[in-house]
Amino acid sequence: MTESQQPDSPSPDRELALASRSFWAEAWRRFGRRKLAMGALVFVGLLALVAIFSPAIAGTKPIVCKYKGRLYFPAMAYFNPRWENEVFYRDKFRKRYPENLKEKDPDSWAIWPLVYQDPFRRVHAGEWEGQPGNPTGADGRPSRYNWLGTNQEGVDVFAQLVHGTRIALLVGFVSTGIAAAIGIALGALAGYLGGWVDMLLSRLIELVMCIPALVFILALIAILENPTIWHLMAVLGITGWTGIARLTRGEFIKLSKTEFVVAAQALGAGRFRIMFRHMLPNALAPVLVPISFGIASAILIESALSFLGFGAPPPNPSWGTLLNAGRSNLQMWWLIVFPGTAIFLTVLTYNLIGEGLQEATDPRLREAGK
Amino acid sequence: MFSYLVRRLLLGLLTLVLITFVIFGLVRNMPGTPLTLALAEVDPSRRISEEDLKRMEKAYGLDKPWPEAYVKWLGNLAQLDLGRSISRKQPVTRLIAQRIGPTLLLSVSSIFLAYLLAVPMGFYSTVRSGKHDERAVSTVLYMLYAMPTYVAALFLLVLFAVRLQGTALELPLFGMVSDNYQDLSAAGRFWDVLKHMVLPVTCYTYASLAFYSRFVKSNMEEVIRQDYIRTARAKGVGPVRVIVHHAFRNTLIPFVTLVGLTLPALLSGSVILEQIFTWPGMGRLFFEAISERDYPTIMGLTLMFSVLVLLGQLLADILYAVVDPRVTYS
């Protein structure tokens, strides 16, 4: 971004002193001063790492293995079941890798995940050397082998939590991404074009805002007969864009009167070029704030829906599904405390980031010099 | 003001028609009807014939396409008739009337509690602003604010209903009354309901408490820097009187608009919390109606919620003009 696109500097003398710094560099510096916000950002980074490397952290499939002279990556099946090489189906591994690898090819070797536990099924005795089978029911309290306990069916909670991170982050980013795309596009159109377009779009925003969110979401999900996690994300995106649209509209109305927009118009730039090349970068900072809060609320709603039994169908190691299992077995506290804490920390993190962004990019707060 | 009110009301009416139209369409297109869902539950021997099903569909107006049914629903609504619940065989208005009491019991007591605690806490944070104890309190409140209510509800249930079972601190797991409620004396009944209320009210309260006290604090901090506060201090007004009389009174404007916006939450209840605590309120009724595909009840509740949201917004705007003479709508 060039300096010429920064006409609305909050205080001219300050801007002079920091002439070499762009708006975003300045915002980043301010954001960095808030320890909590930075801590939150680090935490999100950690969560992202856990999500990306979830099959390497907890799983029953080797990350890499050499089998009959070829290299395979069976752990990738946790991302997409179709990525599991069919040689393992043909050779009838039946999801038991350790014994079958040795038995069917003595020369084989494999690198295993850190924890031999599966998010979808119970690990039985004798599957992994020196590790007993998972306990079921109320016996599944946290232990050496099951760090966070097991659920009613004996599935490891730690493995579910690790793989659930993927769902939580995916839901947060994808559904908020959809909401942001809809919200920014409609808000920009309404704010820049004005007139009857603004009138119509504003009514639409009001309408969607007034529909009780849960009615809307539950009804939309019920219409899809077999909702997957992707449908859920789409529904959350379709219902969650109004706040972003409102804010974008306000920003665009403000910006449409500034000199650089008038200059662009005078130069004959097209409407869409002005809106999305010239104005959007300048309106983006305030819009990032509701996006950050939107991620938090998307994660919250997804786990609430899974908790109510309206989420994606099993097998689905969503944090909300775990909580739901704990609700009918309250004496198994580990089914509630660990996923509950995970949801809480993630929501807290995004709230902190949102607040940090707000203070870093809001010119009114910047003038206060804090 | 009058023409503004008329314009807002007309616009609200239009929005209402659009909302109910959208929801009606969505609800009628959900797979399964109240009749087929009810049939799926009873044993196969009692399954009714195709003809009977057709006749029942006709009786409930389910045989017509949904836009036609919507117009009929609107017509009935104009005569103040919300229809009869299909799965419960009762007028929808009576169902709502039954469920509104328990919801109000929770929401009114929690709002009362939240305001009662939030205002002094806001004062406290203003006075001790920046000190260590205030930072600690604010941090805890901020974390509470991020705590999802259903997670908190489950934590509390694990603690009070399961861990502390058998001790004096044990609290009931679910419901509004115990099984032996009918046999209790008046005082016993009161105590029974009170015990059942503790956990749900706590869950309703803590999040709004965090929100309100932050709200009070941020408004107070703006006011406390004003010249008239310095003047008041300079002329020797005591610190308590400055905070309560001079500062707080001037933060009432945003506070009042907040009251308008809490109106819908007062009556709609919380679907998730009422579900967790098996509380017989509006949120639970809505959840049950959705799973039973009970169209008239869903529509009745949607209508009520939307009216409340729109009224709340209008109320907030009007109150704004009432408490702040600078705001006019002419």
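Everything numeric in this text was worked out from a predicted model, so none of it was measured.

### Observations regarding the overall build of chain A
Line of reasoning, step 1. When its secondary structure is counted, chain A shows 16 helices and 5 strands.
Line of reasoning, step 2. When the backbone C-alpha atoms are referred to their principal axes, chain A occupies close to 75 × 45 × 40 Å.
Line of reasoning, step 3. For chain A, the residues scored as buried account for 51% of the 370 residues in total.
Line of reasoning, step 4. As displayed, chain A has an accessible area near 17,500 Å², and 62% of this comes from carbon and sulfur atoms.
Line of reasoning, step 5. Placing the 36 positive and 28 negative side-chain charges of chain A at their respective mean positions leaves the two points 1 Å apart.

### Description of the packing of aromatic side chains
All names here are of chain A.
Line of reasoning, step 1. Under the defined criterion, the tally for this structure stands at 27 aromatic pairs over all chains.
Line of reasoning, step 2. With a centroid separation of 5.2 Å and 70° between ring planes, the pair formed by W112 and W128 is classed as edge-to-face. Taken together, the residues span a long stretch of sequence, with W112 in the loop between β4 (109–111) and β5 (115–116) and W128 in the loop between β5 and α7 (157–193) at a distance of 16 residues.
Line of reasoning, step 3. Taking the relative accessible area as the measure of exposure, W128 reaches 27% and is therefore partly exposed.
Line of reasoning, step 4. Look at W333 and F338: their rings are 6.0 Å apart centre to centre, the planes differ by 55°, and that puts the pair in the tilted class.
Line of reasoning, step 5. We classify W333 as partly exposed; its relative accessible area is 24%.
Line of reasoning, step 6. With relative accessibility at 22%, the residue F338 sits in the partly exposed group.

### Some words on the interface of chain A and chain B
Line of reasoning, step 1. Facing 37 residues of chain A, the contacting portion of chain B comprises 40 residues.
Line of reasoning, step 2. Taken over both partners, the interface formed by chain A and chain B buries close to 3,500 Å², and the fraction arising from carbon and sulfur atoms is 83%.
Line of reasoning, step 3. Area buried by chain A at its contact with chain B is led by A:C210, A:L330 and A:F344, which between them contribute 17% of it.
Line of reasoning, step 4. Counting across the chain A and chain B interface gives 1 salt bridge.
Line of reasoning, step 5. Across the contact surface, chain A and chain B share 7 residue pairs in polar contact (both at pLDDT 80 or more).
Line of reasoning, step 6. Where the side of chain A that touches chain B is concerned, the elements lending two or more residues are α8 (195–210), α9 (213–223), α13 (271–308), α14 (319–327) and α15 (334–361) of chain A.
Line of reasoning, step 7. Examining the composition of the side of chain A that touches chain B, we find that 11 residues originate from one element, α15(A), more than from any other.
Line of reasoning, step 8. In terms of residue class, the side of chain A that touches chain B is made up of 27 nonpolar, 5 polar and 5 charged.

### Things to note about unusual backbone geometry
Residue and element names in this part refer to chain B.
Line of reasoning, step 1. With phi around 55°, K89 is a residue other than glycine that occupies positive phi space.
Line of reasoning, step 2. Along the chain, the position of K89 falls in the loop between α4 (66–78) and α5 (92–127).
Line of reasoning, step 3. Look at T278: it is not a glycine, yet its phi comes out positive at around 45°.
Line of reasoning, step 4. For T278, the position within the fold is in the loop between α12 (271–276) and α13 (282–292).

### Considerations on the side chain of B:K217
Residue and element names in this part refer to chain B.
Line of reasoning, step 1. Secondary-structure assignment places K217 in helix α8 (residues 186–224).
Line of reasoning, step 2. At a separation of 3.1 Å, a polar atom in the side chain of K217 contacts the side chain of E134.
Line of reasoning, step 3. Filtering out sequence-adjacent residues up to four positions away, K217 remains in contact with G122, S125, T126, S129 and E134.

### Here's the deal with the sheet that holds strand β2 (residues 64–67) of chain A
Residues and elements named next belong to chain A.
Line of reasoning, step 1. The strand order β3-β2-β4 describes an open sheet built from 3 strands, whose pairing is antiparallel. Pairing within the sheet leaves two strands with one partner each, and these edge strands are β3 (70–72) and β4. On average, each strand axis in the sheet is tilted by 20° relative to the strand beside it, whichever way the strands run.
Line of reasoning, step 2. Sheet topology note: the β2/β4 ladder contains 3 bridges and is antiparallel. Each bridged residue has a counterpart across the sheet, and for V64 the counterpart in β4 is I111.

### Some details on the nonpolar core
Line of reasoning, step 1. The biggest cluster of nonpolar side chains holds 153 residues, and the ones touching the most others in it are A:F252, A:L323, B:I23, B:Y150, B:I276, B:F277 and B:F286.
Line of reasoning, step 2. What B:I23 contacts, discounting residues up to four positions off in sequence, is A:I211, A:V215, B:M299 and B:T302.
Line of reasoning, step 3. Listed in part, the 20 residues of the second largest apolar core include B:Y115, B:F215, B:M220 and B:A232.

### Focus: helix α7 (residues 149–163) of chain B
Line of reasoning, step 1. Relative to the 21 Å expected for 15 residues at 1.5 Å per residue, α7(B) spans 20 Å between its end C-alpha atoms, a close match to the ideal helical length.
Line of reasoning, step 2. Where α7(B) bends most, at B:L157, the angle is about 25°.
Line of reasoning, step 3. Taken as a whole, α7(B) has its buried residues at B:Y150, B:V151, B:A152, B:A153, B:L154, B:L156, B:L157, B:V158, B:F160 and B:A161.
Line of reasoning, step 4. Looking at the buried positions of α7(B), the neighbouring elements they touch are α13, α14 and α15 of chain A together with α8 and α12 of chain B.

### Section: the confidence of the model for chain A
Residue and element names in this part refer to chain A.
Line of reasoning, step 1. Here chain A averages 84 in pLDDT, and 92% of its residues register 70 or above.
Line of reasoning, step 2. Looking across chain A, the model is least confident in helix α1 (residues 12–17), with a mean pLDDT of 51, and most confident in α7, with 93.
Line of reasoning, step 3. A low-confidence stretch, residues 1–10 stays under pLDDT 50, and its non-local contacts, those more than four residues away or across chains, total 18 contacts.

### Focus on the confidence of the model for chain B
Line of reasoning, step 1. Mean pLDDT for chain B: 84, with 95% of residues reaching 70 or above.
Line of reasoning, step 2. Overall fold confidence for the complex sits at a pTM of 0.85, while the interface term, ipTM, reaches 0.83.

### Comments concerning the packing of α8(A) against helix α1 (residues 2–28) of chain B
Line of reasoning, step 1. Two numbers describe how α8(A) lies on α1(B): the axes approach to 10 Å, and their chain directions differ by 65°. Two packed elements cross with a definite hand, and for α8(A) against α1(B) that hand is right-handed. On α1(B), the residues that touch A:R203, A:L207 and A:C210 of α8(A) are B:L11, B:T15, B:L18 and B:I19.
Line of reasoning, step 2. Here the residues of the contact of α8(A) with α1(B) sort into 5 nonpolar, 1 polar and 1 charged.

### A few points about a nonpolar patch on the surface
All names here are of chain A.
Line of reasoning, step 1. Residues V42, L46, L49, I52 and F53 make up a contiguous nonpolar surface patch of about 490 Å² in total accessible area.
Line of reasoning, step 2. If you trace the backbone, L46 turns up in helix α3 (residues 35–52).
Line of reasoning, step 3. Judged by relative accessible area, L46 falls into the partly exposed class, the value being 48%.

### Regarding α15(A)
Line of reasoning, step 1. Under the 1.5 Å per step criterion, the end-to-end length of α15(A) is 40 Å for 28 residues, consistent within 8% with the ideal 40 Å.
Line of reasoning, step 2. A large share of α15(A) lies buried, amounting to 22 of its 28 residues.

### Considering the pairing of β2(A)
All names here are of chain A.
Line of reasoning, step 1. One ladder, built from 3 bridges, connects β2 with β3; its direction is antiparallel. When the sheet's bridge partners are listed, Y67 is paired in β3 with R70.
Line of reasoning, step 2. Counting the residues in the hairpin turn of β2 and β3 gives 2 residues, including K68, whose phi is positive at 50°.

### Focus on the pattern of salt bridges
All names here are of chain B.
Line of reasoning, step 1. Evaluated as defined, the whole model comprises 21 salt bridges over all chains.
Line of reasoning, step 2. Across the salt bridge formed by R284 and E288, the nearest N and O atoms sit 3.4 Å from each other. Residue R284 and its partner E288 are both found in helix α13; the two are separated by 4 residues, about one turn of the helix.
Line of reasoning, step 3. Because the salt bridges share partners, they merge into one network encompassing R88, R99, R284, E288 and E292.

Reading guide: rules and limits
Residues numbered from 1 in each chain as written. Chains lettered and ligands numbered in written order. Predicted model: local features only at pLDDT ≥ 70, side-chain atom pairs only at ≥ 80, totals over all residues. Heavy atoms only, no water. Helix = DSSP H or I, 4+ residues; strand = E, 2+ residues; numbered from the N terminus. Buried < 20%, exposed > 50% of the residue type's maximum accessible area, 1.4 Å probe, protein only. Areas by Shrake-Rupley, 256 points an atom, 1.4 Å probe, with all protein chains shown as cover. Lys, Arg positive; Asp, Glu negative; His and termini not counted. Charge placed at Lys NZ, Arg CZ, Asp CG, Glu CD. Phe/Tyr/Trp six-rings, centres within 6.5 Å; stacked < 30°, edge-to-face > 60°. Contact = heavy atoms within 4.5 Å. Buried area = accessible area lost by both parts, 1.4 Å probe. Salt bridge = Lys/Arg side-chain N within 4 Å of Asp/Glu carboxyl O. Polar contact = N/O pair within 3.5 Å; in protein donor to acceptor, adjacent residues only side chain to side chain. Nonpolar A, V, L, I, M, F, W, Y, C, P; charged D, E, K, R; others polar. Pairing = 2+ DSSP bridges. Axes fitted to C-alpha atoms, helices over the stretch in contact; angles between N-to-C directions. Core = buried A, V, L, I, M, F, W, Y, C linked by side-chain atoms within 4.5 Å. Expected span 1.5 Å × (residues − 1). Bend = angle between axes of the 7 residues up to and from the residue. pLDDT = per-residue confidence, 0-100. Left-handed = near helix turned anticlockwise from the far one by under 90°. Patch = residues over 30% accessible without salt bridge, like charges linked within 9 Å, V, L, I, M, F, W, Y side chains within 5 Å.

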